[in-house]
Amino acid sequence: MKTMTFLVATILIIVIITSSIETTMADDNSSFCDEKCAVRCSKAGRQDRCLKYCGICCDKCHCVPSGTYGNKDECPCYRDMKNSKGEPKCP
């Protein structure tokens, strides 16, 4: 019985530690994307839309091209994402 209790407690601790590590990593990535997209969308006419799509692309690609326009060759994943109409998805 003691062995079973110890095993359950150990598994519970591992699950808690793993979930906290994943949350921290997600927060770091979100912070990275927020900062990069704020720069990328700083001159956009529709900032809310630009930030939304830039954030989606950054979460998936883990990079955002430098500057406010162009430079998409710096990030091929970001450059190559398309919307349902076949047009570039990322600002």
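Small disclaimer: the values here were computed from a predicted structure and weren't measured.

Looking at this structure, how should I read helix α2 (residues 47–61)?
An α-helical turn contains 3.6 residues, so a residue and the one three or four places further along point in the same direction. If you check α2, its first and last C-alpha atoms are 20 Å apart, about what 15 residues at 1.5 Å a residue would give, namely 21 Å. Those residues of α2 that fall on the buried side of the exposure criterion are C50, C54, G55, C57, C58 and C61. Following α2 by one or two positions, H62 has its phi on the positive side, about 65°.

Honestly, the environment of E87 in this entry has me stumped. Any pointers?
Along the chain, E87 falls in the segment after α3 (76–80). Not counting residues up to four positions away in its chain, the partners in contact with E87 are M81 and K82.

Even after reading the chapter, I still don't get the state of the cysteines, so can you show me in this structure?
Linking two cysteines covalently via their sulfur atoms produces the bond known as a disulfide. Enumeration over the complete set of coordinates arrives at 6 disulfides. Sulfur-sulfur distance for the disulfide between C37 and C54 comes to 2.1 Å. Its S-S torsion of about -85° marks the bond between C37 and C54 as left-handed, since a negative value means left-handed. You can see C37 sitting in helix α1 (residues 2–40) and its partner C54 sitting in helix α2, a full 17 residues away along the chain. We note that C37, like C54, is buried. Put simply, C41 and C50 are joined by a disulfide, and their sulfur atoms are 2.0 Å apart. Here C41 and C50 share a disulfide; its torsion about the S-S bond, -80°, makes the bridge left-handed. For the pair shown, C41 and C50 are each scored as buried. Look at the protein and number its bonded cysteines as they come in the sequence; the links are 1-7, 2-5, 3-4, 6-12, 8-11, 9-10.

So, how was this worked out
- Position numbers for residues count from 1 along each chain, tracking the sequence in the order it is written.
- Whole-chain, interface and lining totals are the exception, using all residues; otherwise, since this is a predicted model, local features are given only for residues with pLDDT of at least 70 and side-chain atom pairs are given and counted only at 80 or more.
- Heavy atoms throughout the structure, all of them, feed into the side-chain values; hydrogens and water do not.
- Here a strand is any run of E in DSSP of at least two residues, a helix any run of H or I of at least four, and the numbering for each starts at the N terminus.
- In this scheme, a helix's expected span is set at 1.5 Å multiplied by one less than its residue total.
- Buried residues are those whose accessible area, probed at 1.4 Å on protein chains only, stays under 20% of the maximum for their type, while exposed residues exceed 50% and partly exposed ones sit between those limits.
- Between two residues, a contact is recorded if the distance between any of their heavy atoms is within 4.5 Å.
- Disulfide: a pair of cysteine sulfur atoms within 2.5 Å of each other.

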